[in-house]
Amino acid sequence: TNTLRQQIDAARSDAGLSPLPAPAAAPTPVATAGNTVNVEVSLDPDFAARVRLRGDATVFIIARVPGGPPMPVAAQKHSLQDLPLNVTLSDADSPMPTQKLSQLKEVELFARISETGDAMSKEGNLDSAPVRITLPANAPVELVLGKASP
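Keep in mind it's a predicted model, so treat the numbers as computed, not measured. For every chain, the first residue of its written sequence is number 1, and the numbers climb from 1 along that sequence. With the structure being a predicted model, the display of local features is reserved for residues of pLDDT at least 70 and the display and counting of side-chain atom pairs for 80 or more, all residues being used for whole-chain, interface and lining totals. Side-chain metrics rest on all non-hydrogen atoms present in the structure, leaving aside hydrogens and water.

**Brief notes about the overall build of the chain**
Across its full length, the chain carries two helices and eight strands. Listing every helix and strand of the chain by position from the N terminus yields α-β-α-β-β-β-β-β-β-β. Each of the 150 residues in the chain was classed as buried or not, and the buried ones make up 31%. Sequence-distant contacts in the chain: of pairs separated by 6 or more residues, those separated by 24 or more amount to 59%. Here a strand is any run of E in DSSP of at least two residues, a helix any run of H or I of at least four, and the numbering for each starts at the N terminus. Between buried and exposed lies partly exposed: a residue is buried under 20% and exposed over 50% of the maximum accessible area for its type, with that area taken using a 1.4 Å probe on protein chains only. When checking whether two residues touch, look at their non-hydrogen atoms; a contact exists if any pair is within 4.5 Å.

**Re a nonpolar patch on the surface**
What goes into a patch is any residue over 30% in relative accessible area without a salt bridge, connected to like charges within 9 Å or, for nonpolar side chains (Val, Leu, Ile, Met, Phe, Trp, Tyr), within 5 Å. Areas reported as accessible are Shrake-Rupley estimates using a 1.4 Å probe. Residue values count occlusion only from the protein chains shown. For salt bridges, the criterion is a side-chain nitrogen of Lys or Arg within 4 Å of an Asp or Glu carboxyl oxygen. A contiguous nonpolar patch, built from L4, I8 and L20 and spanning about 220 Å² of accessible area, is present on the exposed surface. Along the chain, I8 turns up in helix 1 (residues 2-14).

**Brief notes about the pattern of salt bridges**
Applying the stated rule across the entire model yields four salt bridges. Between R64 and E108 there is a salt bridge; the shortest N-O distance is 3.0 Å. Here R64 is found in strand 2 (residues 58-64), whereas its partner E108 is found in strand 5 (residues 106-114), with 44 residues between them in sequence. By relative accessible area, which is 22% here, R64 ends up partly exposed. Notably, a salt bridge pairs E106 with R132, separated by 3.0 Å at the nearest N-O pair. Pair noted here: E106 is in strand 5 and R132 is in strand 7 (residues 131-134), with a separation of 26 residues, a long-range link. Under the relative-accessibility criterion, E106 is labelled partly exposed at 32%. R132 gets classed as exposed once you look at its relative accessible area, which sits at 53%.

Structure, rendered in C-alpha cells:
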C-alpha cells in the first residue's frame, strides 16, 4: 500500500494537488486489568488417581455475579485433556452482551467438569470450590477440581 500511496501522491502532485493526508494510526486496543481475570485450573492429583473421568469430558471456567443469577458473565470451554489450564477471561468470553465482566466490582469464579458437555449444573458434574474476588484482580485465581473440602 505504500507504493500505491506514493503513486497517488505523484499523480496528485502532477495535477497540482497536495499529497494525501497521512493515514491515522489505528488505535491499539488496551486490555486493562479491570476487564480480564487470569485463571489457573488444575485437577487435584489424589482425586485424579481415585476417579476415572471420561477422556472426552468438558471443562468450563465460569465467572458469575456473586449471589446473582446462575448465568455466567464470562465462560470458556476446554477439554479435560487440556488440564492444567491457564486462561484469561475477558468481556470477549461473555455469553450476554448486556452483562460484562468489566462492569463488575466482584466476581465468583469456578470450574466445572461436565461429562455431557453441557455447562448447566447437573448431577454428575464436578465443580471446584467457588472463589470470590474483587476486580481488578492482580494475581491469577487458582481453581482446583476434585479437591476435598477442608
